Amino acid sequence: LAAFVQVCRAIDYAHEHGVLHRDLKPANVMLGPYGEVYVLDWGVAKVRSASRALDVHGEGAPAPIDDATAAGTVFGTPGYMAPEQVLGREADERTDVYLLGAILFEVLAGTPLHGEGAAEDRMKRAVAGVETRPSVVSPSADVSPELDAICVHACARHPQDRFESARELADSVEAYLSGDRDVELRRALAGMHLSRARDAASRASVPSPWPIVRTIAG
């Protein structure tokens, strides 16, 4: 999940510079041996608007219009496309949010969002709509309700129903992770306090090694 958050941050950075990936899937994410996370294969990426940092045509020159990837053309990987991609409609940042949500779903459920089988069947399921709660698809995965809700929001059929940005998606998962760590910390502290209490109770219940001297007056 922490690596997934980094993927979302990378895509948010790309969006801030006017670039849509449009082909996000588990196979296009690589984890390095030192914790680094790479987002690969920008071959069908679309430049919506370029900043000077990405402008290869000269300072201040406008970026070329990507006519080859205009609406009406299907781009992406069959089985890993948002509904609007399958229908050949224009993609935007929320399209990448859907694809990120599909990655999160597969991480949690252990199976692709659009299921297995022929590419055409998986594309039809993307348009018709599928179950987006990992806990329902894979009950044994023991997915929390919070993560279920994040997947449902990210993988909504209609773009307007999704997270507005990859950053919002990343923030939601990070908030869950922070809460999870807080719960683990509370459990650790509770365990420590319980151990100390038992130790103190044990010491208090041991008879004193010194004899009890009773003084009788009179």
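The rules behind the values
Residues numbered from 1 in each chain as written. Predicted model: local features only at pLDDT ≥ 70, side-chain atom pairs only at ≥ 80, totals over all residues. Heavy atoms only, no water. Axes fitted to C-alpha atoms, helices over the stretch in contact; angles between N-to-C directions. Helix = DSSP H or I, 4+ residues; strand = E, 2+ residues; numbered from the N terminus. Parallel < 35°, antiparallel > 145°, perpendicular 65-115°, else oblique. Contact = heavy atoms within 4.5 Å. Nonpolar A, V, L, I, M, F, W, Y, C, P; charged D, E, K, R; others polar. Salt bridge = Lys/Arg side-chain N within 4 Å of Asp/Glu carboxyl O. Buried < 20%, exposed > 50% of the residue type's maximum accessible area, 1.4 Å probe, protein only. Left-handed = near helix turned anticlockwise from the far one by under 90°. Lys, Arg positive; Asp, Glu negative; His and termini not counted.

Colleague: Describe the packing of helix 1 (residues 2–16) against helix 3 (residues 93–109), and please don't skip the residues or the numbers.
Modeller: Packing of helix 1 against helix 3 leaves a shortest axis separation of 11 Å and a crossing angle of 170°. Regarding the angle of helix 1 to helix 3, the classification is roughly antiparallel. Across from Phe-4, Val-7, Cys-8, Ile-11 and His-15 in helix 1, the residues of helix 3 making contact are Glu-93, Asp-96, Leu-100, Ile-103 and Leu-104. Broken down by class, the residue content of the contact of helix 1 with helix 3 amounts to 7 nonpolar, 1 polar and 2 charged.

Colleague: Would you mind going over the pattern of salt bridges in detail, with residue names and values included?
Modeller: Summed over the entire model, instances satisfying the criterion amount to 7 salt bridges. Arg-9 serves as the salt-bridge partner of Glu-174, at 2.8 Å between the closest nitrogen and oxygen. In this pair, Glu-174 is assigned in helix 7 (residues 166–205) and Arg-9 in helix 1, connecting sequence segments 165 residues apart. A residue is classified by how much of its surface remains accessible, and Glu-174, at 35% relative accessible area, is partly exposed.

Colleague: Could you give an account of unusual backbone geometry, with specific residues and numbers?
Modeller: Within the chain, Arg-22 stands out as a residue other than glycine whose phi angle is a positive 70°. When you line up the elements, Arg-22 lands in the loop between strand 1 (19–20) and strand 2 (29–31).

Colleague: Please give an account of the packing of helix 3 against helix 6 (residues 145–154) that cites residues and values.
Modeller: Contact pair helix 3 / helix 6: the axes reach a minimum separation of 8 Å and the direction vectors enclose 145°. Of the two possible hands of crossing, helix 3 and helix 6 adopt the one that is left-handed. In this structure, helix 3 uses Val-97, Tyr-98, Gly-101, Leu-104, Phe-105 and Leu-108 to contact helix 6, whose residues at the interface are Leu-147, Ile-150, Cys-151 and Ala-154. When grouped by side-chain class, the residues that make up the contact of helix 3 with helix 6 number 9 nonpolar, 1 polar and no charged.

Colleague: So what's going on with the side chain of Arg-122? Which residues, and what values?
Modeller: Mapping Arg-122 onto the fold places it in helix 4 (residues 119–128). As a buried residue without a salt bridge, Arg-122 has its nearest oppositely charged side chain in Glu-116, at a separation of 4.9 Å.

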